[in-house]
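Listed below, chain by chain, are the residues.
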Amino acid sequence: MNTDGLAVAVRGLRRSYGDRVAVDGVDLQVRTGEVVALLGPNGAGKTTTVEILEGYRRRDAGQVRVLGADPATAGAAWRARLGIVLQSTGEFDDLTVAEVVGHFAGLYPRAQDPAEVVARVGLADSGRRRTRTLSGGQKRRLDVALGIVGRPELLFLDEPTTGFDPQARREFWELIRGLAGAGTTILLTTHYLDEAEALADRVAVIAAGRIVEVAAPADLGGRRDAPAVVAWRDPAEGARRRETHTPAALVAELAAAYGGEVPGLTVSRPSLEDTYLRMIGATA
Amino acid sequence: MNALDLSWRRGRLELTQFLRSRESVVFTMAFPVIMILIFSSIFDWDLAPGVTFTQYFVSGMIATGLMTVGFQALAIQIPIERERGVLKRLRGTPMPPWAYFAGKVVLVAVIAAAETLLLVAVAVLFFGLRLPAAPGHWWTLAWVSVLGVTACTLCGIAFSSVPRSARGATAVVTPVALVLQFTSGVFVEFTRLPEWMQQVAAVFPLKWMCQGLRAVFLPDSFAALEPAGSWELGRVALVLGAWCVVGLALCLRTFRWSLDR
């Protein structure tokens, strides 16, 4: 497997838990410096895949290279180049935010200044607070702080914004864009379409343990080339709709036919959500 | 960062966390003291002229205290940390796995020393415990305690992989500790126990810790009352040392960093 320029290279990855096949032949590549979203419904195999890449879980079959190493056997020097934000939030009880981040910084060879990291994730005012007293969103920020304190080349984010309010999600996205802008390679899992669309260079849709498609958000499911739907209301026949690759021509035609405005006119392309639901519906 | 620095960093974090949890501080520190208060008050007669019951119990209480902070506390606390994802998170960093254990060792060592000191001080001040005069006895106290607490700590870490959940941990660990205390002669003079019970207890470290510590606090003439007619200090060292080896091997082979398969 040629892994030049690839932060993550996966081929034929499989993993079962007893009779249940969680990951069923996943192929995936993440180029260095790229942001890739692994998008899929709950139980699609996102976390199993990512945790195999992180070195937490063993695999039944397949080739896996993460930063040039096999996660199943890679050591401390390899882990120093990774940042991991797990799906579940860690709890540190009575320790303060500054203490926890400071401690983790001490575990990495090239760590960032802990106070800077705390400020960067928006917890500057909470540095002295005990982690037990943080809100859900603040705990998640702490998770991210621990994920980035070691200056990772590759950052894994497993459903990072689940449970965030819209405002917090926007702020979080800015943080991720900042990291990506600075050259960090990012692989995130999410079941939010808008998150994948907002952050990812490419989206890998996973359903029932298989990658259904990998594409830029705008190209997903042939969306860019999909026919537009023109809908209007005919005074005599009621609601009408037609799929076409030349919507402008159709609208001009209709405008001529109705002598000006077309009643109830809409022109739409399938949304990412439509495309996504069709894709996971086809295999689920 | 060298190994010593890292161990100390981990240990300091563990201690900070421990000291901020008031319940565990009070329970860990006060439990052996309360036990000696109760037992020395109930059994307020002498074992032999000039030798109080306290002189016997204190060895069992010290041993129990060491087992509580080493074995019981870790076997309950580690499953909680495992369930909360703290272990998994640490495993994702470049930290070598042994550093986690080293932090626990520092934690246990500091608490064990503080708690033993408190226990002995209370026994001396309120129940007339007589401290040994000979330096040899102090040396015995030191090595039995260190070897005993090491064995307990390693077994505690190893045992922490047994409970399936954090909630189950207390239920699994507490009876083990309690049964060992009764069968190892902590509450009752060891030689009064049925012989089969003595033999079962002799497999486990607590019996040998108690016996080693009795050599420190009881007059030498009492050695004749032991099952073997002597303090058997060589065997004490051997059994505790063996448990350290077994515990370490189990730690390395069976320790689980997360609940995932």
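Residue indices follow the written sequence of each chain, beginning from 1 at its first position. Chain labels run from A onward and ligand labels from 1 onward, assigned in the order the entries are written. Totals for whole chains, interfaces and linings use every residue, but because this is a predicted model, local features are given only for residues with pLDDT of at least 70 and side-chain atom pairs only at 80 or more, for both listing and counting. Think of the side-chain values as coming from all heavy atoms in the structure, minus any hydrogens and water.

1. Points about the overall build of chain B
So, point 1. Each helix corresponds to a stretch of at least 4 residues labelled H or I by DSSP, and each strand to a stretch of at least 2 residues labelled E; elements are numbered beginning at the N terminus. The helix and strand inventory of chain B stands at ten helices and two strands.
So, point 2. Written out in order from the N terminus, the α and β elements of chain B read α-α-β-β-α-α-α-α-α-α-α-α.
So, point 3. By the compact-globule yardstick of 18 Å for 261 residues, chain B fits well, its C-alpha radius of gyration being 19 Å.
So, point 4. Counting only C-alpha atoms, chain B reaches 60 × 35 × 35 Å along its principal axes.
So, point 5. Burial classification: accessible surface area is computed with a 1.4 Å probe over protein chains only, and a residue below 20% of its type maximum counts as buried, one above 50% as exposed, and the rest as partly exposed. Considering chain B as a whole, with its 261 residues, one finds that 55% of them fall into the buried category.
So, point 6. Within chain B, contacts between residues separated by at least 24 positions form 79% of all contacts whose residues are at least 6 apart in sequence.
So, point 7. Total accessible area computed for chain B in this model is approximately 11,800 Å², and 70% of it derives from carbon and sulfur atoms. Our radius of gyration is a C-alpha quantity, and the globule rule it is checked against amounts to 2.2 Å times the number of residues to the power 0.38. Any two residues whose heavy atoms approach within 4.5 Å at even a single point are treated as in contact. Calculation of accessible area relied on Shrake-Rupley with a 1.4 Å probe; when residues are assessed, cover is drawn exclusively from the protein chains displayed.

2. Regarding the interface of chain A and chain B
So, point 1. The partner chain B presents 21 residues to the 30 residues of chain A that form the contact.
So, point 2. When a carboxyl oxygen of Asp or Glu lies within 4 Å of a side-chain nitrogen of Lys or Arg, that pair is called a salt bridge. Summed over the shared surface of chain A and chain B, the result is five salt bridges.
So, point 3. With a closest N to O distance of 2.7 Å, Glu51 of chain A and Lys88 of chain B form a salt bridge.
So, point 4. Pairs of N or O atoms are called polar contacts if they sit within 3.5 Å, as long as, within protein, a hydrogen donor faces a hydrogen acceptor (for residues adjacent in sequence, only side-chain-to-side-chain pairs). Joining chain A to chain B, the criterion identifies eleven residue pairs in polar contact (both at pLDDT 80 or more).
So, point 5. Elements with a minimum of two residues in the side of chain A that touches chain B: strand S1 (6-17), helix H2 (76-79), helix H3 (97-105) and helix H5 (136-148) of chain A.
So, point 6. The element best represented in the side of chain A that touches chain B is H3 of chain A, accounting for four residues.

3. Digging into the UniProt feature "domain: ABC transmembrane type-2" (unreviewed entry) in chain B
So, point 1. UniProt positions are given in the numbering used here, feature names are shortened, and annotations may be inferred rather than shown by experiment. Under the local residue numbering, the UniProt record ascribes the feature "domain: ABC transmembrane type-2" (unreviewed entry) to residues 23-258 of chain B.
So, point 2. Helix makes up 73% of residues 23-258 of chain B and strand 2%, and the two end C-alpha atoms of the span are 26 Å apart.

4. Things to note about the nonpolar core
So, point 1. By nonpolar core is meant a set of buried Ala, Val, Leu, Ile, Met, Phe, Trp, Tyr and Cys residues that side-chain atoms within 4.5 Å join together. Formed by 132 residues in total, the largest nonpolar core has its most connected members in Val101 of chain A together with Tyr100 of chain B.
So, point 2. Element by element, the count of residues in this core is highest for helix H3 (residues 53-83) of chain B, at 15 residues.
So, point 3. Counting residues in each nonpolar core, the second largest holds 32 residues, with Ala44, Ala69, Ala74 and Leu86 of chain A among its members.

5. Re the packing of helix H6 (residues 135-159) of chain B against helix H10 (residues 233-254) of chain B
All names here are of chain B.
So, point 1. Think of each axis as a best-fit line through the C-alpha atoms, taken over the contacting stretch in the case of a helix, with angles from 0 to 180 degrees between the N-to-C directions. Contact pair H6 / H10: the axes reach a minimum separation of 8 Å and the direction vectors enclose 25°. In this view, H6 runs roughly parallel relative to H10, as classed from their interaxial angle. Where H6 crosses over H10, the two elements pack in a sense that is left-handed. Together, Thr140, Trp143, Val144, Leu147, Gly148, Thr150, Ala151, Leu154, Cys155, Ile157 and Ala158 of H6 and Leu233, Val236, Ala237, Leu240, Gly241, Trp243, Cys244, Gly247, Leu248, Leu250, Cys251 and Thr254 of H10 make up the contact between the two elements.
So, point 2. Class assignment of the residues belonging to the contact of H6 with H10 gives a composition of 17 nonpolar, six polar and no charged. These descriptions rest on fixed angle ranges, namely under 35 degrees for roughly parallel, over 145 for roughly antiparallel, 65 to 115 for roughly perpendicular, and the rest for oblique. Each crossing gets its handedness from the near helix: less than a right angle anticlockwise from the far helix is left-handed, clockwise is right-handed. Gly counts as polar in this scheme, as do all residues outside two lists: the nonpolar Ala, Val, Leu, Ile, Met, Phe, Trp, Tyr, Cys and Pro, and the charged Asp, Glu, Lys and Arg.

6. Observations regarding the UniProt feature "transmembrane region" (unreviewed entry) in chain B
So, point 1. UniProt feature "transmembrane region" (unreviewed entry): in the numbering of this structure it lies at residues 25-43, 55-80, 101-129, 141-162, 169-188 and 236-255 of chain B.
So, point 2. Between the C-alpha atoms that bound residues 236-255 of chain B there is a distance of 27 Å. The span itself is 95% helix and 0% strand.

7. Section: the sheet that holds S1 of chain A
Residue and element names in this part refer to chain A.
So, point 1. At least two bridges found by DSSP between two strands are what make those strands a pair. Read across the sheet, three strands follow the order S2-S1-S4 without closing on themselves; strand pairing throughout is antiparallel. A single partner strand is all that each edge strand has here, and the edge strands are strand S2 (20-31) and strand S4 (61-66). The sheet shows a mean angle of 15° between the axes of neighbouring strands, taken without regard to direction.
So, point 2. Relative to S4, S1 runs antiparallel, the two sharing five bridges.

8. Concerning empty space enclosed by the protein
Residue and element names in this part refer to chain A.
So, point 1. Computed over the protein atoms alone on a 1 Å grid, cavities are sets of points where a 1.4 Å probe fits but cannot get out and pockets are open sets with protein on both sides within 12 Å along at least five of seven lines; a residue lines them when it has an atom within 4 Å of a point. Grid points are joined across faces, edges and corners, and a volume is the space filled by probe spheres set on the points. Within the structure shown, the criterion is met by two cavities of 30 Å³ or more.
So, point 2. Each pocket or cavity is described by its volume, and for the largest cavity that value is around 100 Å³.
So, point 3. For the lining of the largest cavity, the secondary structure elements donating two or more residues are strand S5 (82-85) and H5.
So, point 4. Here the lining of the largest cavity takes three residues from S5, the largest share from any one element.
So, point 5. Of the residues contributing to the lining of the largest cavity, the split by class is seven nonpolar, four polar and one charged.

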